[in-house]
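Coordinate analysis (summary)
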Amino acid sequence: MTTEMSSTEDIIGRAEIDDFETILSVVGTEEPDGRHVVHSDYDSIFTWDYEKGARPKLNKLYEKAKGAQWNGETDLPWETEVDQEKMVKDQAEATGGFGAGFDLSGTPVEKWSEKEWVQFGVESQNWTLSQFLHGEQGALICTAKIVESVPWIDAKYYAATQVMDEARHVEVFGKYLDEKLSGHYAINAHLRMLLDDIIADSRWDMTYLGMQIMVEGLALAAFGLMHAMTADPLLKQLLRYVMADEARHVAFGVLSLQEYYQELNAAELRERQEFAFEAAVRMRDRFLQQEVWDRMGIDPKAIVPVVQQAPERGEFQALLFSKIVPNCKKLGLLDAADGWLRTKFTELGVIEFESWVDTTEEYDAMASVPPKDRIAS
Ligand SMILES: [Fe+2]
Ligand SMILES: [Fe+2]
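Residues numbered from 1 in each chain as written. Chains lettered and ligands numbered in written order. Predicted model: local features only at pLDDT ≥ 70, side-chain atom pairs only at ≥ 80, totals over all residues. Heavy atoms only, no water.

For the protein, the helix and strand inventory stands at 16 helices and 0 strands. Over its C-alpha atoms the protein spans a radius of gyration of 20 Å, differing by no more than 12% from the 21 Å that the globule rule assigns to 377 residues. Seen through its C-alpha atoms, the protein measures out along the principal axes to roughly 65 × 50 × 45 Å. The buried share among the 377 residues of the protein stands at 55%. Counting every atom, the protein has about 16400 Å² of accessible surface; 51% of that belongs to carbon and sulfur. Within the protein, one finds 37 positive and 66 negative side-chain charges whose respective centroids are separated by 4 Å. (Helix = DSSP H or I, 4+ residues; strand = E, 2+ residues; numbered from the N terminus. Rg over C-alpha atoms; globule rule 2.2 N^0.38 Å. Buried < 20%, exposed > 50% of the residue type's maximum accessible area, 1.4 Å probe, protein only. Areas by Shrake-Rupley, 256 points an atom, 1.4 Å probe, with all protein chains shown as cover. Lys, Arg positive; Asp, Glu negative; His and termini not counted. Charge placed at Lys NZ, Arg CZ, Asp CG, Glu CD.)

Six octahedral donors around a metal ideally sit at 90 or 180 degrees from one another, while four tetrahedral donors ideally sit at 109.5 degrees. Around the iron ion (ligand 1), the protein contributes the donor atoms Glu136 (OE), Glu166 (OE), His169 (ND1) and Glu246 (OE), at 2.0 to 2.2 Å from the metal centre. For the iron ion (ligand 1), the 4 donor atoms in the first shell make angles of 86 to 141° at the metal, a pattern classed as irregular. Taken in sequence order, the residues that donate to the iron ion (ligand 1) follow the motif E-x29-E-x2-H-x76-E. In this structure, the iron ion (ligand 1) lies 3.0 Å from the iron ion (ligand 2), and both are coordinated by Glu166. Pair noted here: Glu136 is in helix α5 (residues 114-149) and Glu166 is in helix α6 (residues 153-180), with a separation of 30 residues, a long-range link. The pair Glu136 / Glu166 is uniform in exposure class, with both members buried. (Donors = N, O, S within 2.8 Å, 3.2 Å for Na, K, Ca; no water. Tetrahedral: all angles 85-135°; square planar, octahedral: opposite > 155°, others 65-115°.)

Of all the positions in helix α12 (residues 300-309), only Pro300, Ile303, Val304, Val307 and Gln308 are classed as buried. Down the axis of α12, the buried set is contained in an arc of 130°. They therefore lie on one face. For α12, the elements touching its buried residues are α2 (20-24), α11 (290-295) and α13 (311-319). (Arc of directions from axis to C-beta. Contact = heavy atoms within 4.5 Å.)

Time to look at the confidence of the model for the protein. Reading predicted coordinates in detail is not appropriate for stretches of low pLDDT. For the protein, per-residue confidence averages 91 on the pLDDT scale, and 96% of positions sit at 70 or higher. Mean pLDDT values for the elements of the protein range from 80 in helix α16 (residues 359-366) up to 98 in α6. (pLDDT = per-residue confidence, 0-100.)

Orientation of helix α8 (residues 204-229) relative to helix α10 (residues 266-286), taken along the N-to-C sense of each, is 35°, at an axis distance of 10 Å. Viewed along their axes, α8 and α10 form a crossing whose handedness is right-handed. Along its contact with α8, which presents Asp205, Met206, Leu209, Gly210, Met214, Val215 and Leu218, the element α10 presents Glu271, Arg272, Phe275, Ala276, Ala279, Ala280 and Met283. Here the residues of the contact of α8 with α10 are counted per class, giving 10 nonpolar, 1 polar and 3 charged. (Axes fitted to C-alpha atoms, helices over the stretch in contact; angles between N-to-C directions. Left-handed = near helix turned anticlockwise from the far one by under 90°. Nonpolar A, V, L, I, M, F, W, Y, C, P; charged D, E, K, R; others polar.)

What follows deals with the state of the cysteines. Per the stated rule, a full pass over the model turns up 0 disulfides. We note that Cys142 lacks a disulfide partner, and the nearest cysteine sulfur, in Cys328, lies 16 Å from it. Among the residues examined, Cys328 registers a relative accessible area of 0% and is labelled buried. (Disulfide = S-S within 2.5 Å.)

Core analysis: the largest hydrophobic core is formed by 94 residues, its most contacted members being Tyr176 and Phe345. When residues of this core are assigned to their parent elements, the largest contribution, 16 residues, is made by helix α9 (residues 233-261). Residue contacts for Phe345: discarding those within four places in its chain leaves Ala280, Ile324, Val325, Cys328, Leu334, Val350 and Ile351. Leu24, Leu288, Val292 and Ile303 belong to the second largest nonpolar core, which has 18 residues in total. (Core = buried A, V, L, I, M, F, W, Y, C linked by side-chain atoms within 4.5 Å.)

Around the iron ion (ligand 2), the protein contributes the donor atoms Glu166 (OE), Glu216 (OE), Glu246 (OE) and His249 (ND1), which lie 1.8 to 2.2 Å from the metal centre. Classification of the site at the iron ion (ligand 2) as irregular follows from its 4 donor atoms and the range of 89 to 170° in their angles at the metal. Taking the relative accessible area as the measure of exposure, His249 reaches 0% and is therefore buried.

This is the structure we're talking about:
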């Protein structure tokens, strides 16, 4: 993928992180036969060392996971009526009205009435949940791959429980989209590039870094923000259940990589840092919602740079990294190889989170609460 001393352009395909022209020219498509095939060459590893609990922390996580299973069909209040337009209006009211905090004069949306803003809000919600759905399928595939490729029995056991968790997440996000919202979106091109890179990499620890640390770390923060904002009791409960699982998944990534990274030298760690940086940029790119603007008949290149300049937007985007940065720090990835990733996360404007609580600590605190009350804050 990348070699030592790669430039930003080598890693993410552009020299400037905020080059919107380039970012927005990458547009997602869905294959006509409805299948997306990613090739991967990797070793499936048997282990003859069956000693359960040789890695006590992973064993503890596995035992917790067995007791934390829930049923997506029967444990959520699917009978709840969801009025999407009302939800969008209420949310706008709670945050100061449509477009509040943005200077939109001179842009194509300057003259939008409430009707267009409500439609935008509805589309935005359809888009967001669709991306969650596709990301969950990515997690399902990655974790099945970890079951095969990780060499430790305790990790195989734990990953098997996560495969079930991810199947349930795909199921409940799909059901919510079909039954309560009003349309699907194809996978965002930047999210797809990232998932393809994670799956195509033959090294088992890269699957963990890409999925458990980066994608799931971001998902945990994004679900938390949506959980705090939504007024729909069904979505709130769905997210609370999913987040309890995700916190465990991220903790699984941290515990596994902590041990493995101790064996790696500086050049190998630098490759991991570059992969973490690439993933961070792809996820940032995916949040531009370019497909929603398109569907509203607005050229994303005329509006995205304006929206991105608003201070509120920057704060929101930074918060998405509030789980990733402390976990990278715990793994030693911030300061390895002369602090390369620290510099990159500083450029991305997310280094402020380095001292926030990491997910292994957070999960320990959460696990002492009964399953139905669990929520990662
Ligand atoms: Fe998930
Ligand atoms: Fe997950």
